[in-house]
Amino acid sequence: GTDLATRKDIATFLANVERRAFRQAMFAVHDEDAALDLVQDAMLRLTEKYAGKPVEELPMLFHRILQNAIRDHYRRTQVRNGAITSWSSLTDDDEQDPLEFLAVESAEAIAPTPAAQWEQAEVMAAIEEALGTLPPRQREAFLLRYWEDLDLRETAQAMGCSEGSVKTHCSRAVQALSKLLRLKGITL
């Protein structure tokens, strides 16, 4: 059968995802306090509403809650500032799955020498900087697929869109990131 999440399971999951979730929120809102609030609210909501759901659904549920909170934050901020950002409309024309050509997980592995560690830190800093320049939906798709390791279906559920849209967002994110990193002399 399926294991249902207890509060302890949820606490363990959140402890493991908290740092990455905070970085994801920071990429989105560029404000430490707001990012912390968003992550804490998402964690609270998951704990209150989703104990008793299957354990394997926790990542998808948490990221859906977090992404919705980030979108609500954007809307409130835009209304307050009277500014509406328009991103170019995205289409489902690119079927290539970019997973093969950019694996960010490898950056989590510890490099063997101090020089390699320094180089790895430089690459990670460049990737983080480049991620901050992506349109929100591309960044969201990229982070969920490659940093949170959600599969295509889970990412689509978390983002509330089709799998085709996820592929398109990821493909465009990878192309944009590769281009920005190449300008810095980094090829992945």
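Numbers given to residues run from 1 along each chain, matching the order in which its sequence is written. Two thresholds apply to this predicted model, a pLDDT of at least 70 for residue-level local features and 80 or more for giving and counting side-chain atom pairs, whereas whole-chain, interface and lining totals are computed over all residues. Calculated side-chain values reflect all of the structure's heavy atoms, with hydrogen atoms and water omitted.

*Asks:* Got a sec to walk through helix H7 (residues 163–183)? Specific residues and values, please.
*Replies:* Only DSSP runs of H or I reaching four residues or more are called helices, and only runs of E reaching two or more are called strands; each is numbered from the N terminus. Multiplying one less than the number of residues by 1.5 Å gives the expected span of a helix. If you check H7, its first and last C-alpha atoms are 30 Å apart, about what 21 residues at 1.5 Å a residue would give, namely 30 Å. Buried residues of H7: Ser165, Val166, Thr168, His169, Cys170, Ser171, Ala173, Val174, Leu177, Ser178 and Leu181, and no others. Looking one or two places after H7, you find Gly185, whose phi comes out positive at around 80°. Working definition: with a 1.4 Å probe on protein chains only, accessible area under 20% of the residue-type maximum means buried, over 50% means exposed, and in between means partly exposed.

*Asks:* Give me the lowdown on the environment of Gly164, citing residues and values where you can.
*Replies:* Turning to its location among the elements, Gly164 is positioned in helix H7. Given a relative accessible area of 23%, Gly164 falls into the partly exposed group. Sequence-wise, Gly164 and Arg153 are eleven residues apart; in three dimensions their C-alpha atoms are separated by 9.9 Å.

*Asks:* Describe the state of the cysteines, with residues and values.
*Replies:* Two cysteine sulfurs form a disulfide in these notes if their separation is within 2.5 Å. Inspection of every chain in the model, using the stated rule, returns zero disulfides. In this structure Cys161 is not part of a disulfide, and its nearest cysteine sulfur, from Cys170, lies 9.2 Å away. The buried category is assigned to Cys170, whose relative accessible area is 1%.

*Asks:* Talk me through the pattern of salt bridges; I want residue IDs and the actual numbers.
*Replies:* What counts as a salt bridge is simple: a side-chain nitrogen of Lys or Arg found within 4 Å of a carboxyl oxygen of Asp or Glu. For the structure on display, the rule yields five salt bridges. Measuring nitrogen to oxygen at the nearest pair gives 3.0 Å for the salt bridge that ties Glu148 to Arg20. A residue pair is termed long-range when its members are at least 10 positions apart, and Glu148 in the loop between helix H5 (136–147) and helix H6 (152–159) and Arg20 in helix H1 (residues 7–29) qualify at 128 residues. Exposure remark for Glu148: the relative accessible area of 9% places this residue in the buried category. The salt bridge partner of Arg23 is Glu128, with a shortest N-O separation of 2.0 Å. With Arg23 in helix H1 and Glu128 in helix H4 (residues 114–131), this pair connects stretches of sequence that are 105 residues apart. On the basis of relative accessible area, Glu128 is assigned to the partly exposed category, the value being 26%. Beyond isolated ion pairs, a larger network of salt bridges with shared partners links Arg71, Arg137 and Glu140.

*Asks:* Tell me about H5, and please be specific about residues and values.
*Replies:* Helix length check: H5 (twelve residues) gives 15 Å between terminal C-alpha atoms against 16 Å at 1.5 Å per residue, within 8%. The buried count for H5 comes to eleven of twelve residues, which makes it a mostly enclosed element. Following H5 by one or two positions, Asp149 adopts a phi angle in the positive range, close to 65°.

*Asks:* Describe the packing of H5 against H6, and please don't skip the residues or the numbers.
*Replies:* Angular values range over 0 to 180 degrees, each being the angle between N-to-C directions of two axes fitted as lines to C-alpha atoms, with helices fitted over their stretch in contact. Here H5 crosses H6 at 140°, and the two axes come no closer than 10 Å. Considering the angle they form, H5 stands oblique to H6. Our pair here, H5 against H6, has a crossing hand that is right-handed. Residues Arg137, Glu140, Ala141, Leu144 and Arg145 of H5 pack against Leu152, Thr155, Ala158 and Met159 of H6. When residues are sorted by character, Ala, Val, Leu, Ile, Met, Phe, Trp, Tyr, Cys and Pro go into the nonpolar class, Asp, Glu, Lys and Arg into the charged class, and all the rest, Gly among them, into the polar class. When grouped by side-chain class, the residues that make up the contact of H5 with H6 number five nonpolar, one polar and three charged. Oblique is the label for any angle not covered by the other classes, which are roughly parallel (under 35 degrees), roughly antiparallel (over 145) and roughly perpendicular (65 to 115). Each helix crossing is assigned a hand: it is left-handed if the near helix lies turned anticlockwise from the far helix by less than a right angle, otherwise right-handed if that turn is clockwise. In this analysis, two residues are considered to be in contact whenever any of their non-hydrogen atoms come within 4.5 Å of each other.

*Asks:* Hey, could you go over the nonpolar core for me, with residue numbers and the actual values?
*Replies:* The definition of a nonpolar core used throughout is a set of buried Ala, Val, Leu, Ile, Met, Phe, Trp, Tyr and Cys residues joined through side-chain atoms within 4.5 Å. Judged by nonpolar contacts, the single largest core of 50 residues is most densely connected at Leu14, Leu46, Phe62, Leu66, Leu131, Phe142 and Trp147. Ranked by residue count, the leading element in this core is H1, at nine residues. Discounting residues that sit within four places of it in the chain, Leu131 has contacts with Phe27, Arg139, Phe142, Leu143, Trp147 and Leu177.

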